[in-house]
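Results of the structural survey
Okay, here's what each chain looks like letter by letter:
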Amino acid sequence: MNVDVDKELLFITVIGQDKKGIVARISGLLYERNINIEDISQGVMQGYFVMTMLVDLREATADLENISHVLQQLGDEMGLRVQLQHQNIFKAMHRI
Amino acid sequence: MRFDVEEVFETASMTLYQNLDIRTTTLGINLKDCIDSDFAAFQDKVYRRVSTFGRSLLEKSRPLEVKYGVPIVNKRIAVTPVSLIMETHCTVEKYLAMAQTLDRAALDAGIDFVGGFGALAQKGLTRSDAVLIEALPEVLSATQRVCAFLNVGSTHAGLNLDAVNLLGPMLKETAQRSPNAIGCAKFVVFVNAPEDNPFMAGAYHGVGEPDATLNVGISGPGVVRSVVERIGSATSLSFRSVLSARCSRSPAPAN
């Protein structure tokens, strides 16, 4: 995933059981709030299905609190753990 | 810069499954400029300073919690050692009133603890220091969020045995006055106290510090708790090896 310093980039991490509609429902929520998806990756880590989305919030029509809240709600509905985190935390954890 | 899915998962799972959190943010606040010969005005300035800065700390903390997806568990304030600012108001009654002012300011602002109700008495006691010690049993039992400290010695000056001598009866009285002796848990006694300390219950804002200083403590207790829950029963040696492996992949515990 390429990280562009000019953009307001955050990662959405979805962890749980793979099922239909995860990408569709999250994408729908993001589209409604004018959030662009820059990249999507997925895999199986330590027995968990993991999907990560890199999203750009520069032109978002909702604030972070709202976006985080609706993602959590969706996660609860679908039995998934959903985490929204700014890219800087990944830079700090994984890059010198 | 690229991040692969393994790296994103590793970091996200630290907060989701391993209780990585910001254990505390401690805002150090200078109160020296609040000193006033009119005690009511002095209390009012202290209340405004602590509650205003406290609210600001909370307002600034929440967006950061959301932005990084990392909870901030405790919000605390440390003030200038109170015996220094109370030099011209050193009676037990006024010390108690000042403690209640700090307690109310913390409560109203939503701050968990306010530290600094103490004295640096490593070489000797001022009158203000002695009155503070006399007031501590009532202060620690009558307030909820005020934390106290006393520095009673240093490598350079040795032990201040006059202060040490006062501590036993003070602690005993504090234990008797407060339910389950909880008042004693809000008091720290130091030797070689640092110039400034953000760690509760012995936190205070050092006199060499600027008007405000923010200290951030990354989770140690949350990560340890997660490891203990995960491994169930273990010998101390095997627990140590599991914890070492976990900590080598996580930020170092700071509080």
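Everything below is about the structure shown above.
The paragraphs below set out a description of the structure included in this document. All values reported here derive from a predicted model rather than from experimental measurement.

Considerations on the overall build of chain A
A count of helices and strands for chain A gives three helices and four strands. Secondary structure of chain A in N-to-C order comes out as β-α-β-β-α-β-α. Here the C-alpha atoms of chain A give a radius of gyration of 13 Å, agreeing with the 12 Å that 2.2 N^0.38 yields for 96 residues. C-alpha extents for chain A along the principal axes are approximately 35 × 30 × 20 Å. Expressed as a percentage of its 96 residues, the buried residues of chain A come to 45%. Of all intrachain contacts in chain A linking residues separated by at least 6 positions in sequence, the fraction that spans at least 24 positions is 69%. Just so you have it, chain A exposes about 5,100 Å², and 45% of that area is on carbon and sulfur atoms. Here chain A contributes 9 positive and 13 negative side-chain charges, whose respective centroids are spaced 6 Å apart.

So, helix H2 (residues 39–68) of chain B
Taking 1.5 Å of rise per residue, 30 residues should cover 44 Å, and H2 of chain B covers 43 Å from first to last C-alpha, within 8% of that figure. Remark: Gly69 of chain B follows H2 of chain B within two positions and exhibits a positive phi of approximately 65°.

Focus on the interface of chain A and chain B
Contact residues are listed per partner, giving 30 residues for chain A and 22 residues for chain B. Between Arg95 of chain A and Glu7 of chain B there is a salt bridge; the shortest N-O distance is 2.8 Å. Where chain A touches chain B, the interface holds nine residue pairs in polar contact (both at pLDDT 80 or more). A total of six residues in the side of chain A that touches chain B trace back to one element, the largest contributor, which is helix H3 (residues 87–94) of chain A. Tallied by class, residues from the side of chain A that touches chain B come to 13 nonpolar, 12 polar and five charged.

Brief notes about the side chain of Gln85 of chain A
Inspection of the secondary structure puts Gln85 of chain A in strand E4 (residues 81–86). Here the side chain of Gln85 of chain A touches Tyr68 of chain B through a polar contact of 3.0 Å, landing on its backbone oxygen.

Re the layout of surface pockets
When its volume is computed, the largest pocket comes out at roughly 330 Å³. Ile22, Leu64, Tyr68, Ile72 and Val216 of chain B are, among the 19 residues lining the largest pocket, the residues nearest its centre. Among the secondary structure elements, those contributing two or more residues to the lining of the largest pocket are H3 of chain A together with strand E1 (22–29), H2 and strand E8 (212–218) of chain B. The leading source of residues in the lining of the largest pocket is H2 of chain B, at six residues. Residue composition of the lining of the largest pocket, by class: 13 nonpolar, three polar and three charged.

Criteria and thresholds
Residues numbered from 1 in each chain as written. Chains lettered and ligands numbered in written order. Predicted model: local features only at pLDDT ≥ 70, side-chain atom pairs only at ≥ 80, totals over all residues. Heavy atoms only, no water. Helix = DSSP H or I, 4+ residues; strand = E, 2+ residues; numbered from the N terminus. Rg over C-alpha atoms; globule rule 2.2 N^0.38 Å. Buried < 20%, exposed > 50% of the residue type's maximum accessible area, 1.4 Å probe, protein only. Contact = heavy atoms within 4.5 Å. Areas by Shrake-Rupley, 256 points an atom, 1.4 Å probe, with all protein chains shown as cover. Lys, Arg positive; Asp, Glu negative; His and termini not counted. Charge placed at Lys NZ, Arg CZ, Asp CG, Glu CD. Expected span 1.5 Å × (residues − 1). Salt bridge = Lys/Arg side-chain N within 4 Å of Asp/Glu carboxyl O. Polar contact = N/O pair within 3.5 Å; in protein donor to acceptor, adjacent residues only side chain to side chain. Nonpolar A, V, L, I, M, F, W, Y, C, P; charged D, E, K, R; others polar. 1 Å grid on protein atoms, 1.4 Å probe; cavity = no way out; pocket = protein on both sides within 12 Å on 5 of 7 lines; lining within 4 Å. Points joined across faces, edges and corners; volume = space filled by probe spheres on them.

That's the geometry; what it means functionally is another story.
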